[in-house]
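Close look at the chain arrangement
In case you want the letters, here they are:
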Amino acid sequence: MDPTFLVFIFTAIVWIAAADLSDAFVSVACESKHVGQLGQKTLLKCVVETSKVVVDPKIDMFSWTKDEKKLLVYQSGKITKQEPGFRLADPSWNEKNMDVSLVIDNTSLADAGTFTCEVITDSGDGKAVTNLQVTARYNKPIIHSIPEKFTGVSDSVLICDAYGGYPEGQIRWFDESNAEWTKSSHMTVHRTPNGLVHLSSELSLLRGSIFSSYTCVVFNASGDKDDETVFEVDPIQKGVAGDRETDTGTNIVAPVVVIGSLIIGLLMIMVLVRCRKRYQRNSPKAVPVCYSDIERGDKHEIDEELPATL
Ligand SMILES: *[C@@H]1O[C@H](CO)[C@@H](O)[C@H](O)[C@H]1NC(C)=O
Ligand SMILES: *[C@@H]1O[C@H](CO)[C@@H](O)[C@H](O)[C@H]1NC(C)=O
């Protein structure tokens, strides 16, 4: 056999073994899944790990890539490519820093997907992928009724709309005793132009429904409650509740009338008693001028007389 060929084989084996060995010393560790919130910062946590035999490792090159597009590249001692909105988590990063985590400043739905982080160090190479899922919280739902004046007298429909969430969630209905009415409802799912989800649910109510409130609750895709809105059946519209309101009015008026009469009565008694005393004390000819007397405020006399009178 050709000795040159043997040497070539041998060299190749050594080279591959060395490469393998060196790769075994270095790896990139990422959390396999990240969940980001729409419009918020998202941190894609990735660190370079080296085995104990590697002393003082140095990163020669690294890159963050998504869908074949380079988002951030470091090589030859500097960052050579950086897409707007993406940056290193550590602003004072240097080649000795093994934390190569990426920050997305304003997470959008388009950021969802697989990110690849590749690292070349002076002691070996490593590569890892992480998946980003983007979620958005549903806004407080909005309820309206058909007909608009909800009387409970005729059949009607409550419509609950929840916007701004992602991915698809669920709307559920409850009455004031927390009993669930979702089975009597029908939900539709729409995509709004910005890619977010609009959930709309219709709850049919038969005439004579007796509940005084209905709650529409929006849940996110993992079944956690995002928000809720309570629809109060207008008490004026409902016979029973309306009567109760009139009662409250009477209840306030009655004590006012009673107390008012008492006060006026007391005043009249005081005036009369005083007039009579003065009349008795003065000469029989004198005309009692009670009101002006009281106004002049013969205080001593009143103070003395009051306890005696009462
Ligand atoms: C994030 O991006 C959205 C859509 O591009 C934009 O409307 C919003 O103002 C941005 N927010 C911040 C804090 O930059
Ligand atoms: C649902 O909400 C919970 C609590 O707010 C949150 O931890 C979770 O990530 C959300 N899931 C989705 C798919 O939005």
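Here is what the cut-offs are and how they apply
Residues numbered from 1 in each chain as written. Chains lettered and ligands numbered in written order. Predicted model: local features only at pLDDT ≥ 70, side-chain atom pairs only at ≥ 80, totals over all residues. Heavy atoms only, no water. Salt bridge = Lys/Arg side-chain N within 4 Å of Asp/Glu carboxyl O. Helix = DSSP H or I, 4+ residues; strand = E, 2+ residues; numbered from the N terminus. Buried < 20%, exposed > 50% of the residue type's maximum accessible area, 1.4 Å probe, protein only. Near = heavy atom within 4 Å. Polar contact = N/O pair within 3.5 Å; in protein donor to acceptor, adjacent residues only side chain to side chain. Areas by Shrake-Rupley, 256 points an atom, 1.4 Å probe, with all protein chains shown as cover. Nonpolar A, V, L, I, M, F, W, Y, C, P; charged D, E, K, R; others polar. Disulfide = S-S within 2.5 Å. Contact = heavy atoms within 4.5 Å. Core = buried A, V, L, I, M, F, W, Y, C linked by side-chain atoms within 4.5 Å. pLDDT = per-residue confidence, 0-100. Pairing = 2+ DSSP bridges. Axes fitted to C-alpha atoms, helices over the stretch in contact; angles between N-to-C directions.

Description of the pattern of salt bridges
What the rule picks out here adds up to ten salt bridges. Close ionic contact of Lys45 with Asp99 constitutes a salt bridge, the shortest N to O distance being 3.2 Å. One end of the pair, Lys45, is in the loop between β3 (42-44) and β4 (46-50); the other, Asp99, is in the loop between β8 (86-88) and β9 (102-104), with 54 residues separating them in the sequence. Of the residues examined, Lys45 reaches a relative accessible area of 35% and is grouped as partly exposed. Residue Asp99 is classed as partly exposed on the basis of its relative accessible area, which comes to 21%. The closest approach of N and O atoms between Lys66 and Asp67, which form a salt bridge, is 3.1 Å. Relative accessible area serves as the criterion here: at 11%, Lys66 is assigned to the buried category.

Concerning the site of ligand 2
Around ligand 2, the neighbouring residues are Thr135, Arg137, Asn220, Ala221, Ser222 and Asp224. Interatomic distance of 2.5 Å between a side-chain N/O atom of Ser222 and a nitrogen atom of ligand 2. Expressed as a share of its isolated accessible area of 360 Å², the protein-covered part of ligand 2 is 63%. Taken together, the residues of the shell around ligand 2 sort by class into one nonpolar, three polar and two charged.

Side note on the state of the cysteines
Counted under the stated rule, the structure contains two disulfides. Disulfide pairing places Cys160 opposite Cys216 at an S-S distance of 1.9 Å. Its torsion about the S-S bond being -75°, the disulfide of Cys160 and Cys216 is classed as left-handed. Taken together, the residues Cys160 in strand β13 (residues 156-165) and Cys216 in strand β17 (residues 213-219) connect sequence positions 56 residues apart. No disulfide involves Cys117; its sulfur sits 4.9 Å from the nearest other cysteine sulfur, which is in Cys46. Here Cys117 falls in the buried class, since its relative accessible area comes to 0%.

Quick word on the side chain of Ser145
Looking at the secondary structure, you find Ser145 in strand β12 (residues 142-146). Of note is the side chain of Ser145, whose polar atom sits 3.1 Å from the backbone oxygen of Glu148. Apart from residues no more than four positions distant in its own chain, Ser145 is found in contact with Phe150, Val157, Leu158 and Phe231.

Re the side chain of Thr107
Examined against the element boundaries, Thr107 turns out to sit in the loop between β9 and β10 (113-121). Overall, the relative accessible area of 1% leaves Thr107 in the buried class. Engagement of the side chain of Thr107 in a polar contact is seen with the backbone oxygen of Gln40, the distance being 2.6 Å. Beyond its immediate chain neighbours, meaning those up to four positions away, Thr107 contacts Gln37, Leu38, Gly39, Gln40, Lys41, Thr42 and Val134.

Here we look at the nonpolar core
The biggest cluster of nonpolar side chains holds 24 residues, and the ones touching the most others in it are Ile59, Phe62, Trp64, Val100, Leu102, Phe115 and Val119. Those elements that provide at least two residues to this core are β1 (26-30), β4, β5 (59-66), β6 (69-75), β8, β9, β10 and β11 (124-135). The contacts of Phe115, once residues within four sequence positions are left out, are Leu44, Trp64, Thr65, Lys66, Leu71, Phe86, Leu102, Ile104, Ala128, Val129, Thr130 and Leu132. Grouped together as the second largest cluster of nonpolar side chains are 18 residues, Ile171, Val197, Leu203 and Leu205 included.

Details of the confidence of the model for the protein
Taken as a whole, the protein shows an average pLDDT of 80; of its residues, 68% reach a score of 70 or greater. Note on residues 239-253: pLDDT is under 50 here. Beyond four places in sequence and across chains, it has four contacts. For the stretch residues 282-310, pLDDT sits under 50, and the model shows 22 contacts to residues farther than four places along the chain or on other chains.

Quick notes on the sheet that holds β10
Spatially, six strands are ordered β2-β11-β10-β5-β6-β7 in an open sheet, and the strand pairing comes out mixed. Taken across any chain shown, the strands that pair with only one partner, and hence form the sheet edges, are β2 (33-37) and β7 (78-82). If you compare each strand with its neighbour and ignore which way they point, the axes differ by 20° on average.

Brief notes about unusual backbone geometry
The residue after Ile146, namely Pro147, is reached through a cis peptide bond having omega -5°. Among the secondary structure elements, Pro147 is positioned in the loop between β12 and β13. Across the junction of Tyr166 and Pro167, the peptide omega takes the value -10°, indicating a cis bond. Tracing the chain through its elements places Pro167 in the loop between β13 and β14 (170-175). With phi around 50°, Asp67 is a residue other than glycine that occupies positive phi space.

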